[in-house]
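Analysis of the macromolecular model
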Amino acid sequence: MSLSLLLRCQNLIHTRDYYRDALEFNVTETSDLSLVISRFDVSIMFTELNLWENDLQMSGTIYISVPDVDRYFAQVKNKVDLAWELQDMPYGTREFALRDCNGYYLAFMQGD
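Right, let's walk through the structure included here.

Criteria and thresholds
Residues numbered from 1 in each chain as written. Predicted model: local features only at pLDDT ≥ 70, side-chain atom pairs only at ≥ 80, totals over all residues. Heavy atoms only, no water. Pairing = 2+ DSSP bridges. Helix = DSSP H or I, 4+ residues; strand = E, 2+ residues; numbered from the N terminus. Axes fitted to C-alpha atoms, helices over the stretch in contact; angles between N-to-C directions. Buried < 20%, exposed > 50% of the residue type's maximum accessible area, 1.4 Å probe, protein only. Polar contact = N/O pair within 3.5 Å; in protein donor to acceptor, adjacent residues only side chain to side chain. Disulfide = S-S within 2.5 Å. Phe/Tyr/Trp six-rings, centres within 6.5 Å; stacked < 30°, edge-to-face > 60°. Core = buried A, V, L, I, M, F, W, Y, C linked by side-chain atoms within 4.5 Å. Contact = heavy atoms within 4.5 Å.

The subject of this paragraph is the sheet that holds strand β7 (residues 94-99). If you walk across this open sheet you meet the four strands as β5-β8-β7-β6, and the pairing is mixed. Looking at strand neighbours, the two that pair on one side only are β5 (61-66) and β6 (81-88), the edges of this open sheet. Adjacent strand axes in the sheet meet at a mean angle of 15° when their direction is disregarded. Relative to strand β8 (residues 105-110), β5 is paired through six bridges, and the arrangement is parallel. Bridge pairing in β8 places Thr61 opposite Tyr105.

All of the buried residues along helix α1 (residues 12-22) are Leu12, Thr15, Arg16, Tyr18, Tyr19 and Ala22. The residue sitting at the N-terminus of α1 and contributing the capping side-chain oxygen is Asn11; that oxygen lies 3.0 Å from the backbone nitrogen of Ile13. Positioned one or two residues after α1, Glu24 has a phi angle of 60°, which is positive.

Between two cysteines, a covalent bond joining their sulfur atoms is known as a disulfide. Overall, the coordinates contain zero disulfides when judged by the stated rule. You can see Cys9 has no disulfide; the closest cysteine sulfur is in Cys101, sitting 7.4 Å from it.

For the structure on display, the rule yields ten aromatic pairs. Relative to Phe40, the ring of Phe25 has its centre 6.2 Å away and its plane inclined at 85°; by these criteria the two rings are edge-to-face. Of the two residues, Phe25 sits in the loop between α1 and β2 (26-31) while Phe40 sits in the loop between β3 (34-39) and β4 (42-47), which places them 15 residues apart along the sequence. With a centroid separation of 5.3 Å and an interplanar angle of 20°, the aromatic rings of Phe96 and Phe108 are classed as stacked. Of this pair, Phe96 sits in strand β7 while Phe108 sits in strand β8, placing them twelve residues apart in sequence. Put simply, the rings of Tyr18, Tyr19, Phe25, Phe40, Phe46, Tyr72, Phe73, Phe96, Tyr104 and Phe108 pair up and form one aromatic cluster.

Let's shift gears to the nonpolar core. Counting residues in hydrophobic clusters, the biggest one holds 27 residues, and the most contacted among them are Leu23, Phe46, Phe96 and Phe108. Counting only elements with at least two residues in this core, the list comes to α1, β3, β4, β5, α2 (69-76), β7 and β8. With residues up to four places along the chain from it excluded, the contact list for Phe96 reads Val69, Tyr72, Phe73, Val76, Leu82, Trp84, Glu85, Leu86, Leu106, Ala107 and Phe108.

A few words now on the environment of Thr30. Among the secondary structure elements, Thr30 is positioned in strand β2. For the pair Thr30 and Pro67, spaced 37 residues apart in sequence, the C-alpha separation works out to 27 Å. Looking at Thr30, its side chain comes within polar contact range of the side chain of Ser34, at 2.5 Å.

Following this line, the structure appears as structure tokens:
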């Protein structure tokens, strides 16, 4: 089973640059109003369109499994707004989290 997310962003150019430069994701611009970021078997579409007629918001965390969380943390830690440092969690995962340029929380955890 796969999951595809469509999230609203404040600024498409800023979002593209953030995911490409800070998080080292691949970016595909699908139109003037949307783009897709991908890495680690994850893809998220961003759009500036207010399809929901709401303020930009989400209450939750998007978890992404990465092959080597220590290595990825070392690559991005100085380029992002960390929500929590890399650590072993009491529920058994090794992870860190950040708040992206749109205010969304992404947690990266050690994967298989």
